[in-house]
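Remarks on the overall topology
The primary structure of each chain is shown beneath.
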Amino acid sequence: MSNEWGYSFLISNFSFLITMKPDHDIIIAGGGLSGLSLACAMIRSPLRERSILIVERDAQKGNDRTWGFWAKRPTLFDAAVSHTWEFLISVGAEGPQRVSLGDYRYKVIRGLDFYDFARRDLATCPNIHFLYGNIESVEDGRDAACVTVDGQSVYGGWVFDSHPVPMSNTDTPYQHLKMHFRGWEIETPGPVFDPRAVTFLDFRTPQEQEMRFFYVLPFADNRALVEFTVFSKDVLRRSQYEEALRHYLADILHVSQYRLISEERGSVPITDDPLLRKLGRRVMAIGARAGRVKPSTGYAFMRVQKDSDEIVKSMLLYGSPFDAPDDPDLYDVLDAVLLKVMQENGEHIKAAFTAMFERNPIDLILRFLDEEATPAENLGLITSMSSSVFVKAAMQVATHENLLDIMKG
Ligand SMILES: Cc1cc2nc3c(=O)[nH]c(=O)nc-3n(C[C@H](O)[C@H](O)[C@H](O)COP(=O)(O)OP(=O)(O)OC[C@H]3O[C@@H](n4cnc5c(N)ncnc54)[C@H](O)[C@@H]3O)c2cc1C
């Protein structure tokens, strides 16, 4: 049974009341990554003629995160990218190797740059309005949905909801983990980093029966964001993240002298529980609460961009957002298998990911992680990384997903 984020009560109990004319054609609840990305996609389409209201609690959104992602095509937000890498440091049995990313580029956008860029972009469209306040509820209706903001009701013909609500039920056959991390942006007295090569998924840290790895995003030869990431049920104590960071810097990167410039930390819920997209006749979930954070990697930036484009396409072609395509079933199952292994035998992920990077070209790995590889490529790649632990997890997942049918396509 899918998780409805405690939403169904409001949807079912109040929907009959809302039959009035909407104040706005579209309301976007939550002006973070997915809300602003959707608005920016909309104003590049005929939807720019509609009146669009963005409701956001935080009028002063600051530098609350840094988005890393890979892409081989330009994105709407390239003007806000602060650094681009064309090589990857892949760490296998033979130690770190510098690998070309081919047509792909790994990019980062700082939160503040993203919000500033999106707000400036949206300010060019007279039909975009912002309302700053706390969303108290979102209620579905026949002709419009109602968003209550600090006690005031606003009605939208369509409401796209990204404001997070706690999950109502985690007692399901699905996995519920957290991807949590702490990163240090540091400066060293001399050159120690390769500013053209990004490191991701470096497992050279004690796994402690969990999936634990490091990212290194070097912005210059003496400045980098070094981030310790863990997938597990519970977050760690601050001292545990700091100890892992100190150990990685000193013993793996051999960096002993550095100055801390800034710190990033966060925790993102990760689940294979199929989250509802359609929250009502007039309400669609977007962003993290719509499952746009890929469960096995924690990446969301490019999935959100793709989703925004699909929603716009669906609205223009069918007059409704609900015809945007679902995620491919095969990848849902693969994510579920990986999450099961992460939850029960997290230390096995290291071997699987290391094998994947050692035995496959980077272009294929990135297409696989983007859910764009062909069935034959998927099979080859899965075979290259699987072990008995994965086969066992796949069998368990198969009891609540029709695995064989999905594999057959
Ligand atoms: C610190 C951090 C780093 C991350 N790094 C990466 C990365 O490198 N690459 C990647 O692909 N993904 C990353 N992610 C995962 C994912 O991209 C982000 O979580 C992303 O922001 C999700 O988009 P969203 O729109 O669902 O949520 P958000 O961007 O969080 O937007 C939700 C918005 O709703 C607003 N809001 C919440 N409650 C209310 C309310 N009651 N009333 C009004 N407004 C409300 C919030 O202020 C926020 O602006 C990271 C996540 C975090 C937390």
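Preceding this paragraph is the structure being described.
Attention shifts here to the overall build of the protein chain. Along its length, the protein chain carries 11 helices and 17 strands. By the burial criterion, 40% of the 409 residues in the protein chain qualify as buried. Intrachain contacts of the protein chain at a sequence separation of at least 6 include 75% that bridge at least 24 residues.

Let's shift gears to the environment of methionine 385. If you trace the backbone, methionine 385 turns up in helix α9 (residues 375–385). Judged by C-beta crowding, with 21 C-beta atoms within 10 Å, methionine 385 ranks as buried. Separated by 36 residues in the primary sequence, methionine 385 and isoleucine 349 have C-alpha atoms spaced 9.4 Å apart. When residues no more than four places from it in sequence are discounted, the contact partners of methionine 385 are Ala352, Ala355 and Met356.

So, about helix α4 (residues 238–252). In an α-helix, one turn spans 3.6 residues, which is why side chains three or four residues apart end up on the same side. Taking 1.5 Å as the rise per residue, α4 with 15 residues should run 21 Å; its terminal C-alpha atoms sit 21 Å apart, in good agreement. Listed in full, the buried residues belonging to α4 are Tyr241, Ala244, Leu245, Tyr248 and Leu249. Taken around the axis of α4, the buried residues stretch over an arc of 125°, which confines them to a single face. Exposed and facing more than 90 degrees away from the buried side of α4 are Ser239, Ala250 and Asp251. Buried residues along α4 sit against β12 (176–187), β14 (211–220) and β15 (223–232). Positive backbone phi, approximately 55°, marks histidine 254, located one or two places after α4.

If you trace the seven strands from one edge of the open sheet to the other, you get β6-β5-β13-β14-β15-β12-β16, paired in mixed fashion. Single-partner strands in this sheet number two, and they are β6 (95–100) and β16 (259–271). Strand-to-strand twist of the sheet, defined as the mean angle between neighbouring strand axes without regard to direction, takes the value 20°. Sheet topology note: the β12/β15 ladder contains 10 bridges and is antiparallel. In the strand pairing of β15, methionine 179 is matched with phenylalanine 231. α4 contacts β12, β14 and β15 of the sheet and is inclined by roughly 130° relative to β15. Of the strands in this sheet, β5 (87–92), β13 (197–202) and β14 are in contact with helix α7 (residues 348–359), which crosses β5 at around 125°.

A separate point is the nonpolar core. Counting residues in hydrophobic clusters, the biggest one holds 106 residues, and the most contacted among them are Ile27, Ile28, Ala29, Ala39, Val147, Val159 and Val226. Discounting chain neighbours no more than four positions away, the residues touching isoleucine 27 are Leu53, Val55, Val147, Val154, Gly156 and Val159.

Once that is clear, we can look at α7. Look at α7: 17 Å from first C-alpha to last across 12 residues, which is about the 16 Å you get at 1.5 Å a residue. Taken as a whole, α7 has its buried residues at Ile349, Phe353, Met356 and Phe357. Buried residues of α7 fall within an arc of 90° about the axis and therefore sit on the same side. On the buried face of α7, the contacting elements are β5, β13, β14, α6 (329–345), α8 (362–369) and α9.

The next thing to look at is the site of the ligand. Around the ligand, the structure places 30 residues, and the nearest of them are Gly30, Gly32, Ser34, Gly266 and Gly287. Elements supplying a minimum of two residues to the shell around the ligand: α2 (33–42), β2 (52–56), β3 (66–71) and β16. Considering every element that reaches the shell around the ligand, the biggest residue donor is β3, with four residues. Residues of the shell around the ligand, tallied by class, amount to 12 nonpolar, 12 polar and six charged. Here the shell around the ligand spans two domains, and each of domain 1 (8–65 + 110–169 + 272–323) and domain 2 (176–270) adds at least three residues to it.

Calculation criteria
Residues numbered from 1 in each chain as written. Predicted model: local features only at pLDDT ≥ 70, side-chain atom pairs only at ≥ 80, totals over all residues. Helix = DSSP H or I, 4+ residues; strand = E, 2+ residues; numbered from the N terminus. Buried ≥ 20, exposed ≤ 12 C-beta atoms within 10 Å, placed from the backbone. Contact = placed C-beta atoms within 7 Å. Expected span 1.5 Å × (residues − 1). Arc of directions from axis to C-beta. Pairing = 2+ DSSP bridges. Axes fitted to C-alpha atoms, helices over the stretch in contact; angles between N-to-C directions. Core = buried A, V, L, I, M, F, W, Y, C linked by C-beta atoms within 7 Å. Near = placed C-beta within 6 Å. Nonpolar A, V, L, I, M, F, W, Y, C, P; charged D, E, K, R; others polar. Domains from an automatic or database assignment.

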